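Per-entry structural report
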Amino acid sequence: MDHLNVIPFDNINMGSEDDPSTALHLQHHQPHNLDFDFDYPNNNNDDDLLEPTSLSDPNLDPYEGMEFDSEQSARIFYNSYARRVGFSTRVSVYQRSRRDGSIICRQIVCSREGFRREGNENRSKRQRTVTRVGCKAQMTVKKQSSGKWAVTKLVEDHNHELVPPDKVHSLRSHRHVSGSARSLIDTLQAAGMGPSGVMSVLIRESGGINNVGFTKVDCQNYMSTSRQRTLGPGGQAVFDYLKQMQAEDPGFFYAVQGDFENSTGNVFWADANARMNYSFFGDTITFDTTYRTNRYRVPFAPFTGWNHHGQPLLFGCALLLNESESSFVWLFETWLAAMSGRCPISITTDQDRIIRAAVSQAFPGTRLRFCKWNVFREAQEKLSHEYHSHPTFEPEFHRCINMAESIDEFESCWESLLQRFDLSDNEWLQSMYNARQQWVPVYLQDTFFGEMSILQGSDSINSYFDGYINASTNIHNLIKQYEKAMAIRHEKEVKADYDTLNSPPILKTPSPMEKQAANLYTRRIFMKFQEELVETLAYLATVVDDIGSAITYQVAKFGEDHKVHHVRFNAFEKRASCSCQMFEFSGIICRHILAVFRVKNVLTLPSNYILKRWTRNAKSGVVLDEHTLGLPCNTQESLAARSENLRQEAIKYVEEGAESEHIYNVAMDALHEAIRKVAAAKMRGSAPVQTTVVNGSQQLLSCSLVSYLCKDLFLLGLHRIIVLNLKM
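Residues numbered from 1 in each chain as written. Predicted model: local features only at pLDDT ≥ 70, side-chain atom pairs only at ≥ 80, totals over all residues. Heavy atoms only, no water.

Structural notes on the overall build of the protein
Tallying secondary structure elements over the protein gives 23 helices and 18 strands in all. Sequence-distant contacts in the protein: of pairs separated by 6 or more residues, those separated by 24 or more amount to 63%. (Helix = DSSP H or I, 4+ residues; strand = E, 2+ residues; numbered from the N terminus. Contact = heavy atoms within 4.5 Å.)

Some details on the side chain of threonine 348
Along the chain, the position of threonine 348 falls in strand β11 (residues 346–349). Take threonine 348: its relative accessible area is 2%, and that puts it in the buried class. A polar contact is formed between the side chain of threonine 348 and the side chain of arginine 369, at a distance of 3.0 Å. (Buried < 20%, exposed > 50% of the residue type's maximum accessible area, 1.4 Å probe, protein only. Polar contact = N/O pair within 3.5 Å; in protein donor to acceptor, adjacent residues only side chain to side chain.)

Thoughts on the pattern of salt bridges
Under the definition given, this model contains 19 salt bridges. Across the salt bridge formed by aspartate 69 and lysine 148, the nearest N and O atoms sit 2.6 Å from each other. With aspartate 69 in the loop between β1 (67–68) and α1 (71–85) and lysine 148 in the loop between β4 (138–143) and β5 (149–155), this pair connects stretches of sequence that are 79 residues apart. We classify aspartate 69 as partly exposed; its relative accessible area is 48%. For glutamate 71, the salt bridge goes to arginine 75, with nearest N and O atoms at 4.0 Å. One end of the pair is glutamate 71 and the other is arginine 75, both in helix α1 and 4 residues apart, which spans about a single turn. The network of salt bridges with common partners includes Lys528, Glu531, Glu532, Glu535, Lys557 and Arg591. (Salt bridge = Lys/Arg side-chain N within 4 Å of Asp/Glu carboxyl O.)

So, the sheet that holds strand β3 (residues 103–110)
Across the sheet, 5 strands lie side by side as β1-β5-β4-β3-β2; this open sheet has antiparallel pairing. Two strands lie at the open edges of the sheet, namely β1 and β2 (89–96), each paired on one side alone. Summarising the sheet, β3 and β4 pair through 5 bridges and their orientation is antiparallel. Residue pairing in the sheet places valine 109 in a bridge with glutamine 138 of β4. (Pairing = 2+ DSSP bridges.)

A look at the side chain of threonine 522
Take threonine 522: it is sitting in the loop between α15 (512–520) and α16 (523–535). Taking the relative accessible area as the measure of exposure, threonine 522 reaches 0% and is therefore buried. Setting aside its immediate chain neighbours within four residues, threonine 522 contacts His308, His309, Thr500, Trp614, Thr615 and Arg616.

Some remarks on unusual backbone geometry
Of note in the backbone geometry, serine 340 takes a positive phi value of approximately 65° without being a glycine. Along the chain, the position of serine 340 falls in the loop between α7 (325–338) and β11. Notably, glutamine 581 is not glycine yet its phi reads approximately 55°, a positive angle. Among the structural elements, glutamine 581 can be located in the loop between β16 (575–578) and α17 (582–586).

What about the packing of α7 against helix α8 (residues 353–362)?
Closest axis-to-axis distance for the α7/α8 pair is 8 Å, and the angle between their directions is 40°. Taken together, α7 and α8 sit at an angle that is classed as oblique. Classified by chirality, the crossing of α8 by α7 is right-handed. Contacts between α7 and α8 involve Glu325, Phe328, Val329, Phe332, Glu333 and Leu336 on the former and, on the latter, Arg353, Ile354, Ile355, Ala357, Ala358, Val359, Gln361 and Ala362. Counted by class, the contact of α7 with α8 contains 10 nonpolar, 1 polar and 3 charged residues. (Axes fitted to C-alpha atoms, helices over the stretch in contact; angles between N-to-C directions. Parallel < 35°, antiparallel > 145°, perpendicular 65-115°, else oblique. Left-handed = near helix turned anticlockwise from the far one by under 90°. Nonpolar A, V, L, I, M, F, W, Y, C, P; charged D, E, K, R; others polar.)

Here's the deal with the confidence of the model for the protein
Residues of the protein with pLDDT of at least 70 account for 74%, and the chain-wide mean is 77. Within the model, pLDDT remains below 50 along residues 120–126, and this stretch shows 6 contacts once partners closer than five positions in the same chain are excluded. For the stretch residues 686–728, pLDDT sits under 50, and the model shows 94 contacts to residues farther than four places along the chain or on other chains. (pLDDT = per-residue confidence, 0-100.)

A short note on the nonpolar core
Among the nonpolar cores identified, the biggest contains 61 residues, and Phe287, Phe332, Trp335, Phe397, Phe410 and Trp414 are the most heavily contacted of them. Of the residues forming this core, the biggest block, 8 residues, is contributed by α7. Setting aside its immediate chain neighbours within four residues, phenylalanine 410 contacts Cys400, Ile401, Ala404, Tyr433, Arg436, Val440, Val442 and Tyr443. One finds Phe448, Ala518, Phe529 and Ile588 within the second-largest nonpolar core, a separate group that totals 37 residues. (Core = buried A, V, L, I, M, F, W, Y, C linked by side-chain atoms within 4.5 Å.)

Things to note about the sheet that holds strand β7 (residues 266–270)
The sheet built from 7 strands is open, its strands ordered β6-β7-β10-β9-β8-β11-β12 with mixed pairing. In this open sheet, the two edge strands, each paired with only one partner strand, are β6 (253–257) and β12 (367–370). Across the sheet, the axes of successive neighbouring strands diverge by a mean angle of 20°, strand direction being ignored. Strands in contact with helix α6 (residues 272–281) are β6, β7, β8 (284–287), β9 (300–306) and β10 (312–320); relative to β10, the strand with the most contacts, it is inclined by about 125°.

What to know about α8
All of the buried residues in α8 are Ile354, Ile355, Ala358, Val359 and Ala362. Buried residues of α8, viewed axially, fall in a sector of 135°; they line one side. Contacts made by the buried residues of α8 are with β8, α7, β11 and β12. Taking the backbone nitrogen of isoleucine 354 as reference, a side-chain oxygen 2.9 Å away marks aspartate 352 as the first, capping residue of α8. (Arc of directions from axis to C-beta.)

Some details on the packing of aromatic side chains
By the definition in use, this model includes 36 aromatic pairs. Seen from their ring centres, tryptophan 335 and phenylalanine 363 are 5.8 Å apart, and the 85° between their planes marks the pair as edge-to-face. One end of the pair, tryptophan 335, is in helix α7; the other, phenylalanine 363, is in the loop between α8 and β12, and 28 residues separate them in sequence. Residues tryptophan 335 and phenylalanine 363 agree in their burial class; the two are buried. Ring geometry for phenylalanine 410 versus tryptophan 414: centroids 5.6 Å apart, planes at 45°, classification tilted. With phenylalanine 410 and tryptophan 414 both in helix α12 (residues 407–420), this residue pair falls 4 residues apart, about one helical turn. (Phe/Tyr/Trp six-rings, centres within 6.5 Å; stacked < 30°, edge-to-face > 60°.)

A look at the pairing of β8
Regular strands have side chains that alternate between both faces of the sheet. Burial along β8 is two-sided: the face carrying Thr284 and Thr286 and the face carrying Ile285 and Phe287 are both buried. Here 3 bridges tie β8 to β11, and the two strands are oriented parallel to one another. Bridge assignment links threonine 286 to a residue of β11, and that residue is threonine 348. Strand direction decides the pairing type here: β8 and β9, joined by 2 bridges, are antiparallel. Its bridge partner lying in β9, phenylalanine 287 is registered against phenylalanine 303.

A word on helix α11 (residues 393–402)
Turning to α11, its buried residues are Phe393, Glu396, Phe397, Cys400, Ile401 and Asn402. As for α11, its buried residues are in contact with α9 (372–382), α10 (384–389), α12 and α13 (427–434).

As for the pairing of β4
Burial runs high along β4: 5 of the 6 residues are buried. Bridge count between β4 and β5: 6 bridges; the pairing is antiparallel. Bridge pairing links threonine 140 to lysine 153 in β5.

Below, the structure written as structure tokens:
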């Protein structure tokens, strides 16, 4: 927000306030030590500021002695003159009357007047562009005894280049969202159109960007302000809901930044179920900012992931009324604190610069991916000419991104696309190519994102609330729709659990591995595994390198020798890696490795290829033991399972132990007794600190339950002990 530099002139010898002929000489009193731009606000709601002046000749230049009906008319005239000449204006110092305090003299200057205060750059993280160059151009007007305002001083010369007519609309004092433009923006925003689409319509309707009168940034600012206005007093309803949920659920978490009730802050919340789910499935997350494309009327941003059925899962929600970088950093750090401080392996969100910076600060070790759906949506705007002029461009562009199976294939296809459609100099395509490692699938296949296919990628941000929150949702029915979505999603998960347990899949091969997978995986994940296993029957694995302990195989489908993948297999460890990297990306073993297993008579899945997050027991805390897997027990995974089992039991312990003062006292006594027993057990034989892999991410786990208690009471699960004491 611009701040007005107000310097009263009561103590400066300016001449008699009642003498209209007294000129105002201010050049020695300029506030050169202040580093602000005081241009007119971009989105001033006073439409009169842009109305024509009473002076009929639009080409009239200012001159000393020129009179205006009011100070505002003088400002409007000088700004109109500035637009025609090619510079931006701002109001500067003024003089007040000692008699009634009214303004009687005003100076209007070129926005490049003055100088920035020395050393101020150190106060900002980013170096600001130098805009002040000491320009002397100005117009001073003073109120006359007749009530008119007259020009008493005029300096026309500038010490900098002026802006050509085709770029003058970018100058701040000439950027204004008019009443008619606001009405059209409101209509398009309500229909779900984002800033880019709205600007396209405005440019088309006004006959060119020069005639719009403001920039895309101004449009975004207005749309954000408009969205905030729709919240109204509904913020209190959100607060009441959060307080009620926290009173009912000890595991409910919420935090507020700033003044949310007055639409200047942010709020985040996550219930105990979301926090628990993150402990099982927090390896990959999506920060869904669909609201920023104005699909939602409210700035509602959920954190989501995937459960063991491949269904969307909620890890918390935010309402964002402030979208600064510091606000996103606050949100991510708050979310991380609610999730016990464990960073995800990967995060998917949009490619906004501010969000990218906040992610890198809050999640320094997390792999960032841009939502591919957002990239393609932006491409429709940035490449609209190609989309309309060349009907084949869009499918070829999508095929280049989605169907490339290797980096070399993508690079070759991309270069060919640019050459055929003469797009080598397109700035947007160049910027997206520079960021290709964050959105093109083949560059992301070495990181876990929990999706079934690297080629599928993230065509759309998977919104947990699709069908529940949309353009018509306001703050008053947001909570109702939120709870409805939660209930329906839970019902779908229960249904998937039921189908997995009660609808055994039909086996298609006599392979012991298929039977093993059918007993381990959820139904949907097994179907994907089964698809890969059956496909191996059409694949040939040929040895191409047999030096040392590892053998390299060339794997290709019969009759498709041009599509070759390479698998490196260590027979002693029963480990294999494939050039397609499907297992790294999705956690499901690929057909190429399975083809090599078939050749090497590996009849069951080795434990390192069974990701617990995809199994039936993903949320149960049950260890996948030797009987379950038909394999030796994985000690590290057992430790993780024990930790999660204790966490679940601890929630029950806290809920039951706090019901009344009597029960609380019993609970505390039992807790102290349990601590003594744990300490005694450790004295008899303590286990060392170990590093374990939980859903693919490393986390330090201590066997000291006393340390767990100090860090988080939920980690000390003593539910069974307290229940026995309560019943005695």
